[in-house]
Amino acid sequence: MQGDESLQIFAGSDGDNLPLMEMGTCRLEAFHQWDCVLVADLQTQKVQKKVQRQQQFLEKLESKGFQFKMIKDRKKVFFGIRADSGIFDLYRTLLMKPEDPGPRAKLNKMNCIPATTRIRIVSFVVNNKMKPGETFEDLVKDGVFETMFPLHEGEKDLKKKWARWRNMFRKQPIDDIRNYFGEKVALYFAWLGWYTYTLVPAALVGLIIFLSGFALFNSSQISKEICAAKDIFMCPLGDHSRRYQPLSEMCTFAKLTHLFDNEGTVVFAIFMALWATVFLEIWKRQRARVVLHWDLYGWDEEEEEMALELINYPDYKLRTHHHSYLNSTIILILSVFMICFMIGMAHVLVVYRVLAVALFSSFLEQQVTTVVVVTGAVVHYVIIVIMTKVNKWVAQKLCNFEDPRTFSERESKFTVKFFTLQFFAHFSSLIYIAFILGRINGHPGKSTRLAGLWKLEECHLSGCMMDLFIQMAIIMGLKQTLSNCIEYLRPWLALKYRLMRAHKHGRESRDPDLEEWQRNYRMNPVNTFSLFDEFMEMMIQYGFTTIFVAAFPLAPLLALFSNLVEIRLDAIKMVRLQRRLVPRKAKDIGTWLQVLETIGVLAVIANGMVIAFTSEFIPRVVYKYRYGPCRQNRNFTEDCLKGYVNHSLSVFYTKDFQDHSRMEGQENVTTCRYRDYRNEHDYNFSEQFWFILAIRLAFVILFEHVALCIKLIAAWFVPDVPQEEKNKVLEEKYRILREKMCFSSRSTDV
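Rules used in this analysis
Residues numbered from 1 in each chain as written. Predicted model: local features only at pLDDT ≥ 70, side-chain atom pairs only at ≥ 80, totals over all residues. Heavy atoms only, no water. Helix = DSSP H or I, 4+ residues; strand = E, 2+ residues; numbered from the N terminus. Buried < 20%, exposed > 50% of the residue type's maximum accessible area, 1.4 Å probe, protein only. Contact = heavy atoms within 4.5 Å. Areas by Shrake-Rupley, 256 points an atom, 1.4 Å probe, with all protein chains shown as cover. Core = buried A, V, L, I, M, F, W, Y, C linked by side-chain atoms within 4.5 Å. Patch = residues over 30% accessible without salt bridge, like charges linked within 9 Å, V, L, I, M, F, W, Y side chains within 5 Å. Salt bridge = Lys/Arg side-chain N within 4 Å of Asp/Glu carboxyl O. Axes fitted to C-alpha atoms, helices over the stretch in contact; angles between N-to-C directions. Parallel < 35°, antiparallel > 145°, perpendicular 65-115°, else oblique. Left-handed = near helix turned anticlockwise from the far one by under 90°. Nonpolar A, V, L, I, M, F, W, Y, C, P; charged D, E, K, R; others polar. pLDDT = per-residue confidence, 0-100. Pairing = 2+ DSSP bridges. Phe/Tyr/Trp six-rings, centres within 6.5 Å; stacked < 30°, edge-to-face > 60°. Lys NZ or Arg CZ within 6 Å of the ring centre and 35° of its normal. Polar contact = N/O pair within 3.5 Å; in protein donor to acceptor, adjacent residues only side chain to side chain. UniProt positions renumbered as here; feature names shortened; annotations may be inferred. Disulfide = S-S within 2.5 Å.

Some words on the overall build of the protein
Part 1: Scanning the protein from N- to C-terminus turns up 25 helices and 14 strands.
Part 2: Per-residue burial over the protein gives 50% buried out of 750 residues.
Part 3: Across the protein, contacts joining residues at least 24 apart in sequence account for 78% of those joining residues at least 6 apart.
Part 4: As presented, the protein carries roughly 36800 Å² of accessible surface, and 60% of it is formed by carbon and sulfur atoms.

Comments concerning the nonpolar core
Here is a general trend for soluble globular proteins: nonpolar side chains tend to be buried in one another's company.
Part 1: Core analysis: the largest hydrophobic core is formed by 135 residues, its most contacted members being Phe181, Trp191 and Phe548.
Part 2: Ranked by residues supplied to this core, first place goes to helix H8 (residues 183-215) with 15 residues.
Part 3: When sequence neighbours within four positions are dropped, the list of residues in contact with phenylalanine 181 reads Thr116, Leu158, Trp162, Met574, Val575, Arg580, Leu581, Pro583 and Arg584.
Part 4: Membership of the second largest hydrophobic core comes to 29 residues, among which are Leu61, Ile81, Val126 and Leu308.

So, a nonpolar patch on the surface
Part 1: Together, Val374, Val378, Val382, Ile386 and Val390 line one region of the surface with nonpolar side chains, adding up to about 350 Å² of accessible area.
Part 2: Mapped onto the fold, isoleucine 386 is located in helix H14 (residues 368-402).

A word on the packing of helix H10 (residues 251-260) against helix H16 (residues 464-504)
Part 1: Interaxial distance between H10 and H16 falls to 10 Å at its minimum, and their mutual angle equals 70°. When the interaxial angle is binned, H10 and H16 end up roughly perpendicular. The hand of the H10/H16 crossing is left-handed. Taken together, the residues of H16 that come into contact with H10 (itself represented by Phe253, Leu256, Thr257 and Phe260) are Met465, Met466 and Phe469.
Part 2: Grouping the constituent residues of the contact of H10 with H16 by class yields six nonpolar, one polar and no charged.

Thoughts on the confidence of the model for the protein
Part 1: Averaged over the protein, the pLDDT score is 80; the fraction of residues at 70 or greater is 86%.
Part 2: In this model residues 1-31 is a low-confidence stretch, pLDDT under 50, and it forms 64 contacts with partners more than four residues away in sequence or in other chains.
Part 3: Overall, residues 99-110 carries pLDDT values under 50, and its contacts beyond four positions in sequence, including any with other chains, amount to 11 contacts.

Concerning the pairing of strand E3 (residues 36-41)
The two faces of a sheet get side chains in turn, since along a regular strand they alternate between them.
Part 1: For E3, the buried fraction is high: five of the six residues fall into the buried class.
Part 2: In this sheet, strand E5 (residues 76-83) lies alongside E3 in antiparallel orientation, the contact comprising six bridges. Within the sheet, the bridge partner assigned to alanine 40 lies in E5 and is valine 77.
Part 3: Pairing between E3 and strand E6 (residues 147-149): three bridges, direction antiparallel. When the bridges of E6 are listed, valine 37 appears paired with phenylalanine 149.

Some words on the packing of aromatic side chains
Part 1: Summed over all chains, the structure comprises 45 aromatic pairs.
Part 2: Ring geometry for phenylalanine 136 and phenylalanine 145: centres 5.5 Å apart, planes at 35°, overall tilted.
Part 3: Take phenylalanine 136: its relative accessible area is 4%, and that puts it in the buried class.
Part 4: With relative accessibility at 2%, the residue phenylalanine 145 sits in the buried group.
Part 5: Geometry around phenylalanine 529 places lysine 392 over its ring, the cationic atom sitting 4.9 Å from the centre.

Structural notes on the side chain of threonine 591
Part 1: Mapped onto the elements, threonine 591 comes out in helix H20 (residues 591-614).
Part 2: Accessibility expressed as a relative area gives 17% for threonine 591, which makes it buried.
Part 3: Among the polar contacts listed, one links the side chain of threonine 591 to the side chain of serine 412, at a separation of 2.8 Å.
Part 4: Once residues within four sequence positions are removed from consideration, threonine 591 is found in contact with Ser412, Thr415 and Val416.

Some remarks on the pattern of salt bridges
Part 1: Across all of its chains, the model carries 26 salt bridges by this definition.
Part 2: Salt-bridge contacts for lysine 392 lead to aspartate 533; the nearest nitrogen and oxygen are separated by 3.0 Å. On the criterion of sequence distance, the pair formed by lysine 392 in helix H14 and aspartate 533 in helix H18 (residues 530-546) is long-range, its members being 141 residues apart.
Part 3: Looking at lysine 392, the relative accessible area reads 18%, which means it is buried.
Part 4: Aspartate 533 gets classed as partly exposed once you look at its relative accessible area, which sits at 30%.
Part 5: Where salt bridges share partners, they join Glu155, Lys159, Glu516 and Arg519 into one cluster.

Topic: unusual backbone geometry
Part 1: The backbone of aspartate 295 shows a phi angle near 60°, a positive value even though the residue is not glycine.
Part 2: Phi at tyrosine 683 takes a positive value of approximately 60°, unusual for a residue other than glycine.
Part 3: For tyrosine 683, the position within the fold is in the loop between strand E14 (671-675) and helix H24 (687-717).

With respect to the UniProt feature "transmembrane region" (unreviewed entry) in the protein
Part 1: Under the local residue numbering, the UniProt record ascribes the feature "transmembrane region" (unreviewed entry) to residues 185-211, 265-283, 329-355, 367-387, 418-440, 539-569, 589-613 and 689-718.
Part 2: Annotated as residues 418-440, this span is 78% helix and 0% strand, and its ends, taken at the C-alpha atoms, are 32 Å apart.
Part 3: Taken end to end, residues 689-718 is 97% helix and 0% strand, and its first and last C-alpha atoms sit 43 Å apart.

What to know about the state of the cysteines
Part 1: Evaluated as defined, the whole model comprises three disulfides.
Part 2: Across a sulfur-sulfur distance of 1.8 Å, cysteine 227 and cysteine 251 are joined as a disulfide pair. Across the S-S bond linking cysteine 227 and cysteine 251, the dihedral sits near 75°, which makes this disulfide right-handed. Placement of the pair is cysteine 227 in helix H9 (residues 221-228) and cysteine 251 in helix H10, with a sequence separation of 24 residues.
Part 3: Given a relative accessible area of 17%, cysteine 251 falls into the buried group.

Shown next as structure tokens:
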């Protein structure tokens, strides 16, 4: 052994301290050496108090049936931990039902404890409070220990079959993932794989809807009128503009807007509402098949946690459910305050865009609106990154205040709180653009101003759908590209850096255990949020894919490409770049299913409102059947939308501008037009405005009821659990009852 290393074994004693004995006193089975490893800084060995606390903690573990091995290298002290089989026998006994038939047969069947179960039990015991004593987390905070992690062992098959970029289009080995990382991680990848698979039809339909706009790129009646309207001048949008812009200059933008704001938008929105429902219902069927295959159909998470508590501390007293109306009221008030703060952050973005218009107008004229929209989306993305950290901290504090009974209950409550805050952080600016932008600005000559100085921004001259499309495209693009790059490159570079430093500072250890522990220690650390963060990332993406998909039909296609990368990225990260996650048992994706269902309902509401209030669909339909030439002349053979552009633009007399004399070309322009429905002389809302508003509201109600009815019918039509799986469960129950009946008959005969 090298001179700078020492190898010792801890064994139990009657004294206060744990004596050190030479290696070989305690032989461990070769098939599974170590369940997990504790790490401490070498400097702790020079502080007697920290050494005593380490030994006291390890003594308590030893009294529960653990074996230890300590190895020092130049900088760290490693403690290998392995649990005796008695702990797992107790675990099997606690979770076995008293009415189960053939206990001997069941014990024989469960004789081989999976590595995931071993790690889960050992991790629970180490991380939970030992009474009397301190928690491992307390010792980490005080610098007694640095970290704890299970070892990567037997991962070569996963590296070969799964965690490689070349396997991007191969089926995932879900059973192998479950056997290595546990059911929680396996269900995440099973759900993500199914989500990605079902994105294919959504992406194809969205792409068809988008491309169908190209067929009308030059033939759209509205685009033709806009491109030919050289004698119609638009009123200046903001204080930065000093010229009356001919409507024909909006020709290209009008054609581009028609790519995602056409008659197919409504069909696609209803399709996505149906898609979201079918996706969830069939996922429930997939989950039922997987869980039954894993023999977890009747598994109880609450019972599992109680068993682990009793293994850790036999005198454990049951913590009952409790509820405090005072605590709930405080949490509700704080949550509402945070939501209002999120909405306030959206208003910060509004202020930025208003000030940016004033700033950029000095050197940009024609492109100022587009530049402000693009930079505003980037600023929003930066705000999202910052507020994600703040939201996580706030959600943790709220959960600590609520004091949930179990870890699973804490996780569920934290999920609801954190997702709610994240939803408003991500979607508040989109809500503003879709439903508020340009609607509280007044009219030319009498504009609403920020602090009485800066004029509020308005939608692009081609409509608010263009702004919403750009905002979604940039945010989704940044999240799917920049976030994925950072998610992969940061742990990859960190691991490479640690390996370079390790090779630079000397030879590797000759002890195989120490080599393995060092290799695992150098990998990137994980925590309880590692898998949670992956779920949250996918839920936000699912929200972008469904909630405002009417304004961005390419969202499913972007999500599909992103998920193909995300699956392998997460696989490579978990297997090759990170320490091994502590396996957790589960039979579903938990609260995330309710989150998905909530997003599905929000998607119906939001898409209905986008079509009604943001797009030009309702005004076009109203004009076609009430004000257009086809209504007045049934024999009209041209396009029924002829004259729509002139009808949809209100008239403003330029003489009513306070600074009309400063406008370029003002001597040739007596009237300008703007997007609204107002009277020509008093600039109040016209009869058309109120009629269209009534139709918009009626459409929202009708759309939501139709879409929700379709969702309910689809949910009823597709059973959550396949009939063949129900029959398997039924046959198993019948078999057990028959065995009990035969066993009872033999006992009676004897």
